[in-house]
Each structure stands twice: as C-alpha cells, then as structure tokens.
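Coordinate inspection notes
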Amino acid sequence: MTAVLAESDGVSRSFGANLAVDRVSLSMTSGEILGLVGANGAGKTTLIRLLLGLERPDAGNVRLFDQPPTRATRSRIGYMPQTLGLYDDLTVAENLSFSAGVFGVDPPRLDDDLARVADTTIKAIPLGLRRRVAFLAALAHRPELLVLDEPTSGVGPLGRADLWETIHESADDGSGVLVTTHHMDEAEQCDRLVFITAGRLVASGTAGEIVASHATVEATPADPPAALESLERAGMSVLPAGRHLRVPGASLANVRAVLGAVPPLSEQPSTLEEAFMILARAS
Amino acid sequence: MSFGMDRATIELGGRRALDEVDLEVTTGEITAVIGADGAGKSTVARIMAGLLGPDSGTIRRPHPDSIGYQPEAGGTWADLTVMENLSFVASAHGIGPGSGRLKELLAVTGLETAGERLAGALSGGMRQKLAVAMAMLPRPEMTVLDEPTTGLDPVSRGELWGLLARVAGEGTAVLVTSSYLNEAERASHVVVLDEGHVLAAGTAESIRASFPGELGVTGAPPTEGVPSWRRGNTWRVWAPEGGLPSGARATAPDLGDVVIAAALARREP
C-alpha cells in the first residue's frame, strides 16, 4: 500500500527580503522516485530542508510521515549528499560500520564488488564504488525516505546504470526517493518531476508529460552564426544542435519572421532541458 | 582549418589516461568530449592546449599564441572585477586596455553591465561566461574549454551553449569537455570517453545510428543473462546480434543507451 511520506501545503519561507520558497504544495509517496529540478538558487535546498523539518515555514504546513517533522522523524530518513559524507581515511567496512553505529543498527551486507574493497580506504577506490558505499550508508537503517543529491554525478556509464538499478530497487521495496539533480539523464530516471523556479513550483509530472506540453522550433540556416545573432536580437533563446539551431518555446511564425522564407524550419518536441528553459523563462 | 589528435596515448601516474584517442576540432564548429570523472576529458583538453604531450600519437594544434584555454573550474580571479580580469589577460597578450576587443567580448557574453562586479560575486553561469571571454581575448584559432558547464543549472547551461555557438561563429575551432551526455546533441562532433577509451564518436545522429543489434523495452525485469539496464519504470534489453526476447517492444536507442551498450561490450568482449 502506498503511503504519503512527505507533504507540503502552501509552504513559504523567506530569508530577509528573499522569498526562497513561495507557496509550494507537493507530496511524495512510498515507492516513488521524485525528481526536484530547478536553477541554482531556485529554492530546492530550502524546500528540502522545510520538508525534513530542518527549517520552519513562515506560512503553510509540512507533514513528514503524517506528523509535524521532529527529531524522531529524522531517523526515518536517509541522506546522501553530493559530497558523499564518507571518511576518506577509513576503509569501506569502517565507514559503513560507523554510519550504521550512529543509528544503532548492523552494518549492511556488501555485494561482491564492495566485498573486494572492504578493507581499502575510501580515497583509494573509484568514484562509482564510493557512491555505492555512500548509498549503502544512507540505506543502512532502512529509511522510509531517501534524499539523494545528484546521486550518479561523475560516475561512468556502467557505474551509473548499477547505481540506478539499486535506487530503483529501494523504491520497489517501498522507500520514497527524493532526487535533486541538474543531470537530465537522472531526471529521466525519476517517476515524477517537480520543477522549481524563483521559489515556485512551475511544473510537475512525468518527464514525458512535461516534455509533451512544450515544443521547440528547429532551423537549418545556411549561415548559423548570423541566424543565431538575429534570433537572439529578436529576444529568443537559441541553442546550437550540430548544424541546426533550436529555439525552445518559439512559434514557427516568429522564427520565420526573423529568418525569412529560405531556411528549413520544423516544430519538434522539446527535450527535457529545453522544457525547463521555457518554463524558467516564462516565470 | 582542422586541429586534433590521432591515436594519442598517454600514461599519467602509472595509469593509461588516454588510449589511442582520435579527435577532430574544426574552425567554426564545436567538438564536445564527454565522459565521467577520470574518463580522460581534462587530459584531452590539456594536450590540445599544449600543456601536455602524448607518449605516442600525433597532435595537430595551432601556434601556442593562438590557443585560448580555460582550465577546469578556473581561469578567473575572484578578487578582481570582471573588467580587471579581462584587462589582466589582455595585457599578457599585448592587447591594450583601450582595445575594442574587451568591450566586444563583454557584449558577446552579455556581461556589459557587470564590468565592475567582482568575479567572486558573480553567479556560476556568469563566471563561466567571463572565463570563456578571457579564453577568447586573443582571437584564438582554437579555444579549449574544460568543463565550462559543470555545476551550472540547465538554464545557465543552455545560455552557455548559445555563447559557445557565437564563439564558434567568430571563426575559432571550439573544443569543449562536459560530463553531461545530453550536451552531445549540441555539438557538431562528439567523442564519448570512458577510462581513456573512445566509446563512441561522430555526430549525435551517427552515434545513435551506430547502436549494434536491437534495443527493446520491457515492463518487467528481464531474465538473468540478458544485457539490460533500468530506465525509470522500464528495463532496456539489448540483443547485440538482433532477436529481442519475447515481450520486449523494440525502441530507438538514445545516446545513453549507445554509451551503456558500448561500455558493456568493452568490458565483456
């Protein structure tokens, strides 16, 4: 059965004159991987701190495990920071034993790859394995809610695939997973995405749903630098795409008006990144 | 004009950092080198910038005076203003403070109104734009930018790619490294590195088309032994020789799929 793990209802938080989080309502359930995406300074970190009870809202309500957040609810959360939070000079086994000890539980069992490096110091193993150790450390006390900050950043293709396999398995076992990321391939792994800009929630849905409501015009001009300059002068955001130019959120007519009748144009589905650019620009 | 490397190999710290890497960087175009930490991206950048020589292989690069280089996470001084940063590098290139080039670059990078701000007080995106401007000062024939988009949010990354296109349009060959695979779509040429090896190379389109065999999607875990990887709530299953398992629906591979398949193929020949 799915349960609501964390929920915010019209939550706002200011720091001085800066409204960091502006009336955000969202909820996440067990078994769900929720991706939180937004520009730097958009309010993602403040929102997470509010959800976890590390910050008190100025307005609105937060409920964590169906109660107001307390110190006790924190023990039901696992957190993997981008910096991993491991001790470089301790071995893999020592790190896991330490983090399990903090929660008074047994250290987690190591899979074959990690068992081979159990007695190696963290600083001597590759980043992909280090991230897996950090993930195990965050999971050791069987948290119901996992918070992961760019969990596979910097990891090679296979290490990344392995890590996502493990993250999906935790969600399949009933944990809720909250992922903050700037990587579009990580965002695409999430069941649902929430996009925050200037403290406000501006889009929510699956990657497919978010992409489906936005379009990008692709142009193939003979002189891409000149075309790019004209489009930017007309106030449009332009992205290079090989020998094409992509104009997220523009209409065919507007691009045609700038580039004239000659260059081939087509309207195409936006990529996830382009959809976020359109949403950020609109707000 | 075209610059690049042919079968470049180098050992660093007892480890093969690059293994027979080929690369083309063409005037007016952007070549992206994409990979994880330790894949060899910065080694490629440093070789092309003339800071390292390979153990074997051929390097084709312009005269050192005609290379613009922005090192990873660097290239600007936090305690100098935007204008002071630019003027300092300009003086090293013998470009006077009155030169129109500085103003021109401030305009290209959209930093006109930030000239008096300290570089350390700029947002990550603006600071990277300043670093690009500094690399572009001497109108280099080739500009090498090492991870200019790392840590930037998607919106700033998009803006920076717009800037790179303008830079390429000035008639320089641009080499950029990145850890974001989706940025491969933006470049004219792409080289994907993994542990010093080229996993895939070409245009984003040709790389997608190079996927060997067939790729399928299933909603349930595939049977043991079938090469597979997760994608959200579904599994990708790969049949290198063709012939997908029953229940798998054929799908078009994206760059992520090609790179995982290539990495699997390299590990398990």
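Owing to the predicted nature of the structure, the values given are computational and were not obtained by experimental measurement.

1. Quick notes on the overall build of chain B
Helix and strand content of chain B: seven helices and 13 strands. Seen along its three principal axes, the alpha-carbon backbone of chain B occupies a region of about 70 × 40 × 30 Å. Contacts spanning at least 24 positions in sequence make up 67% of the contacts within chain B whose residues lie at least 6 apart.

2. Digging into the domain arrangement of chain A
Residue and element names in this part refer to chain A. For chain A, the assigned domains read domain 1 (4-210) and domain 2 (215-282). For domain 1 and domain 2, the distance between their C-alpha centres works out to 35 Å. Across the contact, eleven residues belong to domain 1 and six residues belong to domain 2. Looking at the side of domain 1 that touches domain 2, the elements that each hand over two or more residues are helix H7 (184-187), strand S8 (192-197), strand S9 (200-205) and helix H8 (207-212). Taken together, the residues that form the side of domain 1 that touches domain 2 break down as nine nonpolar, one polar and one charged.

3. A few points about the interface of chain B and chain A
Counting residues at the interface gives 40 residues for chain B and 34 residues for chain A. Among the elements of the structure, helix H5 (154-169), strand S11 (228-231) and helix H7 (255-267) of chain B are those that each provide at least two residues to the side of chain B that touches chain A. The biggest single contributor to the side of chain B that touches chain A is H5(B), with nine residues. Here the side of chain B that touches chain A is built from residues that sort into 17 nonpolar, 13 polar and ten charged.

4. Here's the deal with the packing of helix H9 (residues 224-233) of chain A against helix H10 (residues 252-259) of chain A
All names here are of chain A. Between H9 and H10, the shortest axis-to-axis distance is 9 Å and the interhelical angle comes to 120 degrees. By the angle between their axes, H9 is oblique relative to H10. Classified by chirality, the crossing of H10 by H9 is right-handed. Between H9 and H10, the contacting residues are Ala227, Ser230 and Leu231 on the first element and Val255, Val258 and Leu259 on the second. The class makeup of the residues in the contact of H9 with H10 is five nonpolar, one polar and no charged.

5. Concerning the sheet that holds strand S4 (residues 56-60) of chain B
Whether parallel or antiparallel, the strands of a sheet pair through hydrogen bonds between backbone atoms. All names here are of chain B. Here three strands make up an open sheet; going across it, the order is S2-S1-S4 and the pairing antiparallel. Edge positions in the open sheet fall to strand S2 (15-26) and S4, since each of these has one partner strand only. Ignoring strand direction, the axes of neighbouring strands in this sheet form an average angle of 20 degrees. Bridge analysis of strand S1 (residues 2-12) against S2 gives eight bridges, and the strand direction is antiparallel. Counted as the bridge partner of alanine 8 is valine 21 from S2. Helix H1 (residues 41-48) rests against S1, S2 and S4 of the sheet, and its axis sits at about 60 degrees to S2.

6. Digging into the domain arrangement of chain B
Residues and elements named next belong to chain B. According to the domain assignment, chain B contains domain 1 (2-205) and domain 2 (211-267). Here the C-alpha centre of domain 2 lies 34 Å away from the C-alpha centre of domain 1. With eight residues of domain 1 in contact, the opposing surface of domain 2 contributes seven residues. Among the secondary structure elements, those contributing two or more residues to the side of domain 1 that touches domain 2 are strand S8 (189-194) and strand S9 (197-202). Residue contributions to the side of domain 1 that touches domain 2 peak at three residues, all from S9.

7. Points about the confidence of the model for chain A
Confidence in the prediction of chain A, expressed as mean pLDDT, is 92, and 100% of residues score 70 or more. Averaged pLDDT values over the elements of chain A bottom out at 86 in helix H2 (residues 71-74) of chain A and peak at 97 in strand S10 (residues 215-219) of chain A.

8. Details of the packing of helix H11 (residues 272-282) of chain A against H5(B)
Packing of H11(A) against H5(B) leaves a shortest axis separation of 9 Å and a crossing angle of 100 degrees. With respect to H5(B), the element H11(A) is oriented roughly perpendicular. Contacts between H11(A) and H5(B) involve A:Glu273, A:Phe276, A:Met277 and A:Ala280 on the former and, on the latter, B:Pro154, B:Val155 and B:Gly158. Residues of the contact of H11(A) with H5(B), tallied by class, amount to five nonpolar, one polar and one charged.

9. Some details on the pairing of strand S6 (residues 142-145) of chain B
Residues and elements named next belong to chain B. The alternating pattern of S6 places Met142 and Val144 on one face and Thr143 and Leu145 on the opposite face, and all of these are buried. Of the strand pairs in this sheet, strand S5 (residues 67-70) and S6 are connected by four bridges, and their pairing is parallel. Bridge pairing links isoleucine 67 to methionine 142 in S6. Note that S6 and strand S7 (residues 173-178) share four bridges and pair parallel. Opposite valine 144, over in S7, you have leucine 175 as the bridge partner. Since S6 and S7 lie parallel, the crossover through H5 that links them has a hand, and here it is right-handed.

How each quantity is defined
- Residues numbered from 1 in each chain as written.
- Chains lettered and ligands numbered in written order.
- Predicted model: local features only at pLDDT ≥ 70, side-chain atom pairs only at ≥ 80, totals over all residues.
- Helix = DSSP H or I, 4+ residues; strand = E, 2+ residues; numbered from the N terminus.
- Contact = placed C-beta atoms within 7 Å.
- Domains from an automatic or database assignment.
- Nonpolar A, V, L, I, M, F, W, Y, C, P; charged D, E, K, R; others polar.
- Axes fitted to C-alpha atoms, helices over the stretch in contact; angles between N-to-C directions.
- Parallel < 35°, antiparallel > 145°, perpendicular 65-115°, else oblique.
- Left-handed = near helix turned anticlockwise from the far one by under 90°.
- Pairing = 2+ DSSP bridges.
- pLDDT = per-residue confidence, 0-100.
- Buried ≥ 20, exposed ≤ 12 C-beta atoms within 10 Å, placed from the backbone.
- Right-handed = clockwise from strand over helix to strand, strands pointing away.

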